[in-house]
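# Structural features, examined
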Amino acid sequence: MNNVDFATDRPVLNTQRQVEKMALYFVFLCVFLGLMQNSNAKIFTADFDQRLNRERRNEHNEELIPLSLLITSKISSRFANTLVTSTLQNKSPDDREAKFVVQLPETAFISNFSMVVKGKRYIARVKEKNAAKMEYEEAKNKSLNTGLVSYSKSQLALRGMDVFEIAINVAPRSTAVFYLNYQQLLLRRKGFYEQTISIRPKQIVPVLNVTVDVEEPQDLSHVEVMKIRKDPSDVLEKGNPSAAVTQTSPKSARVTYNPSETEQRKHGNAGVDGDLIIQYDVHHENNAGVIQVLDSFFVQYFSPSGLNPLPKNVVFVIDISGSMQGQKIEQTRQAMFTILSQLRSDDSFNIVLFNGDTVKWRPSTSLATGDNIQAGKNFVIQSVKAGGSTNINDALLLALNLLGDIARQGDSLAADNFPMVLFLTDGEPTAGVVNGQQIRANILEANTLKASVFSLGFGFNLNMDLLTALSAENGGAARRIYPDKDAASQLEGFFDEISTPLLVRVRFEYPQDVVDITQVTATEFSQYNNGSELVVSGKLKEGLSDSRLMPVNVRGISSIKPVSYSLTHTLQNLTVSSDEVLVENFPERLWAYMKIKELLLNLLVTENLEEKARLKSEALNISLKYKFVTPLTSFVVVESDSYLKDDNILEGTSVVVGKGADSRNRATSAACKPQSTESLIVVTLFLVRYSFISLY
């Protein structure tokens, strides 16, 4: 079977549409785009050459070929650790240079990169990015084999991906094995967690194996494997005949995908060419959630069930400037029709359209009755037409004024509704206030109501950093809408995620004599939405006994009244055994992951130079300590004995070595023990594009 409902042991029929992937992408090394060419030189670069046509790319396929692609992912309490192992063989009597593109999800950090060539294992080191580049230049000047990763334009990236370009030289008649390890937190959206693994080798691979192990603190409710999706804009379909789901316990499952060469050919001459997507969820109760402690670090997952939705006041702010002409404006109209139909009867809404000027649908927000919704749709039909410039500042100020007016009307049925702004634009501000910093300051000052501002950036010709910072400091989140055939669905899906707040003004409280408050991730959230989850991680104080109590309170406001969830256990009762987790030291590495994300977001938001320097320094130090490739660091490998390693290739990279360790992986590691003294690789791995993670 490939889809399992663990509550009923029946196949799951999940009709929820997948909204922007929380995805795990890694493109098969040295094969993605097949950019291969001759190289006998000791110095080579990874500059992307779009002039290479398909015939040239395939010129040496018979001599430089993939032998295997193995992907092993361990998910321990939503924290995914993925190891990609690929083997490449050069049958030619000459060196072969393989140029390839690696695409990883924006939400992931690389935690290890290494290779085995001619029996020698080279382990990459994470360094400050300028120091890594300097070491590369020094190696090049000494005529050592070296590589340089160069910038790739964003349009080369699949949706939600960061792009790496790497050049690797494979010696004559030799086989190279490459290892890439990356980690990420799987966020819960629309009622499930999702992992996406890109499999695009561009040819039939003799051995193609994917294994995903899931271990959760709560019982699993269902696990589904979707059909291979060729394009991110394609609609997901349930059921993958080549995949199998095995329930190993109420809290754990294993997914395997091992298509034979015959099964790969069913996808076409290039074999499997798409995304393997796994969706799952756990049982949620109406309580303070789950806390797990391991080695002085803790993580809390909060997702109470059984709550009624809060009514909301929402103002839709829609860009109708000239750049929205054509498909964008049509997709926006289509999405608004669906979104307006999703409003509940106790919600209220208004619509603001803007180009160089602003126009509002009605003087004040209106309850979402059937007649008002139809009137709103008619306004969209008549008025959503593209033309003119872009006045972001005035449009957002008008939306906030509309929300403020309804809140001040004490006798209004909607006066106490939760205030929201959904803002869509596809360009830079070109009219009115055009300075991004000033726009942010104006909105923050005007937002006395503490309305949540959600920003959607349509396409790439805009300042996404501005939208991200603006939303972050106003209790919302930003997301890019990709100009694909499913753009309307992306808009509808995002609104679906945020349109059902269950709690607002959520605050986590931890005892200061137990928890190091300075080392806790964000503890205050503007809202908790249906189908989502709030996650907090932190560090305990030193010297605490196992019998020490850890009382935790979570407070918020529900549809009826303020609510409080409490949980009190000893540290011993909260501690999970290191032998019982799939990802080694996962609470500590999850804390480091979340802390870096938080610091980088704050670095984007703050305008204070001293604070910027402090945030950057702290994020850099954590990145270096935990060996994460972030916007501040890079991996570098040099042809030097100091980069050689004889023992476990993944030592220190948080790959499971205890419960659930795969014997096949151990055998692979043993088979890669150094056997000779020849060497020939230097690679520098740089992050070339990064988009900040949001909570939604």
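So, here is what we can say about the structure in this document. The model shown is predicted, which means the values in this text are computed figures rather than measured ones.

On to the environment of Thr523, then. Relative to the helices and strands, Thr523 resides in the loop between strand E27 (501–509) and strand E28 (524–529). For Thr523 and Val506, which are 17 residues apart along the polypeptide, the C-alpha to C-alpha distance reads 8.1 Å. In this view, Thr523 contacts Val506, Arg507, Phe508, Tyr510 and Val536; residues no more than four positions away in its chain are not counted.

Note: most peptide bonds trans; most residues except glycine with negative phi. At Lys190, a residue that is not glycine, the phi angle is positive and equals roughly 55°. If you trace the backbone, Lys190 turns up in the loop between strand E11 (188–189) and strand E12 (192–199). Positioned with a positive phi, Ser296 is a non-glycine residue whose angle comes to about 70°. Among the structural elements, Ser296 can be located in the loop between strand E18 (290–294) and strand E19 (297–302).

This part is about the packing of helix H4 (residues 327–342) against helix H9 (residues 487–498). Running from amino to carboxyl end, H4 crosses H9 at an angle of 30°, the nearest separation of the two axes being 8 Å. Considering the angle they form, H4 stands roughly parallel to H9. Crossing angle aside, the handedness with which H4 passes H9 is right-handed. Mapping the contact onto sequence places Gln331, Thr332, Gln334, Ala335, Thr338, Ile339 and Gln342 in H4 and Ala487, Ala488, Leu491, Glu492, Phe495 and Asp496 in H9.

For helix H11 (residues 586–605), which comprises 20 residues, the first-to-last C-alpha distance of 28 Å matches the rise-based estimate of 28 Å (1.5 Å per residue) to within 8%. For H11, the tally of buried residues reaches 17 of 20 residues, placing the bulk of the element in the interior.

Attention shifts here to the sheet that holds E19. With respect to topology, three strands assemble into an open sheet ordered E18-E19-E29, the strand pairing being antiparallel. Every other strand in the sheet has two partners, leaving E18 and strand E29 (534–539) as the edge strands with one partner each. Strand after strand, the sheet turns through a mean of 15° between neighbouring axes, direction not considered. For E19 and E29, the ladder comprises six bridges, and the chain directions are antiparallel. Within the sheet, the bridge partner assigned to Val299 lies in E29 and is Ser537. H11 rests against E18, E19 and E29 of the sheet, and its axis sits at about 75° to E19.

Further remarks concern the packing of aromatic side chains. Each aromatic ring pair is described using two quantities: the centre-to-centre distance and the angle formed by the ring planes. A complete count under the given rule lists 16 aromatic pairs for this structure. Aromatic pair Phe109 and Phe628: ring centres 5.4 Å apart, planes at 50°, arrangement tilted. Remark: Phe628 occurs in the loop between helix H12 (609–625) and strand E32 (633–637) and Phe109 occurs in strand E6 (residues 109–117); sequence separation between them is 519 residues. Across the pair, exposure class does not vary: Phe109 and Phe628 are buried alike. Taken together, the ring pairs in this structure connect Phe302, Phe508, Phe525, Tyr528 and Tyr565 into an aromatic cluster. Note that Arg78 overlies the ring of Tyr301, its terminal NZ or CZ placed 4.3 Å from the centroid.

What follows covers helix H6 (residues 392–408). An α-helix turns once per 3.6 residues; consequently, residues spaced three or four apart project the same way. Taking 1.5 Å per residue as the helical rise, H6 with its 17 residues ought to reach 24 Å, and the 25 Å between its terminal C-alpha atoms agrees with that figure. What H6 keeps buried is the set Ile392, Asn393, Ala395, Leu396, Leu398, Ala399, Leu400, Leu402, Leu403, Gly404 and Ile406.

The next point concerns the environment of Arg505. In this structure, Arg505 sits in strand E27. Judged by relative accessible area, which is 35%, Arg505 ranks as partly exposed. Residues Arg505 and Gly475 lie 30 residues apart in sequence; the distance between their C-alpha atoms is 9.8 Å. If we ignore the near neighbours within four places in the chain, the residues touching Arg505 are Phe418, Leu449, Lys450, Phe525, Ser526, Arg555, Gly556 and Ile557.

Time to look at the environment of Val554. With respect to the helices, strands and loops of the structure, Val554 is situated in strand E30 (residues 549–557). For Val554, a relative accessible area of 1% corresponds to the buried category. Spatially, the C-alpha atom of Val554 lies 5.0 Å from that of Tyr565, the residues being eleven residues apart in sequence. Among all residues touching Val554, those that are not within four sequence positions of it are Gln300, Phe302, Val506, Arg507, Phe508, Val563, Ser564 and Tyr565.

Considering the arrangement of structural elements, one finds Thr365 in the loop between strand E22 (358–360) and strand E23 (366–367). Apart from residues no more than four positions distant in its own chain, Thr365 is found in contact with Val315, Ser348, Phe349, Asn350 and Ile406.

All right, on to the pairing of strand E15 (residues 243–249) then. As paired strands, E15 and strand E16 (residues 252–257) are joined by six bridges and run antiparallel to one another. The residue bridging Ser249 from the neighbouring strand is Ser252, located in E16. Once E15 ends, the chain turns through two residues before running back antiparallel as E16.

Read from one edge to the other, the open sheet built from four strands follows the order E28-E27-E30-E31, with strand pairing classed as antiparallel. Of all strands in the sheet, those with a lone pairing partner are E28 and strand E31 (562–570), marking the two edges. For this sheet, the mean inter-axis angle between neighbouring strands, taken without regard to orientation, is 25°. Of the pairings in the sheet, the one linking E27 to E28 comprises five bridges and is antiparallel in character. Paired with Pro501 across the bridge in E28 is Asn529.

Thresholds, definitions, all that
- Residues numbered from 1 in each chain as written.
- Predicted model: local features only at pLDDT ≥ 70, side-chain atom pairs only at ≥ 80, totals over all residues.
- Heavy atoms only, no water.
- Helix = DSSP H or I, 4+ residues; strand = E, 2+ residues; numbered from the N terminus.
- Contact = heavy atoms within 4.5 Å.
- Axes fitted to C-alpha atoms, helices over the stretch in contact; angles between N-to-C directions.
- Parallel < 35°, antiparallel > 145°, perpendicular 65-115°, else oblique.
- Left-handed = near helix turned anticlockwise from the far one by under 90°.
- Expected span 1.5 Å × (residues − 1).
- Buried < 20%, exposed > 50% of the residue type's maximum accessible area, 1.4 Å probe, protein only.
- Pairing = 2+ DSSP bridges.
- Phe/Tyr/Trp six-rings, centres within 6.5 Å; stacked < 30°, edge-to-face > 60°.
- Lys NZ or Arg CZ within 6 Å of the ring centre and 35° of its normal.

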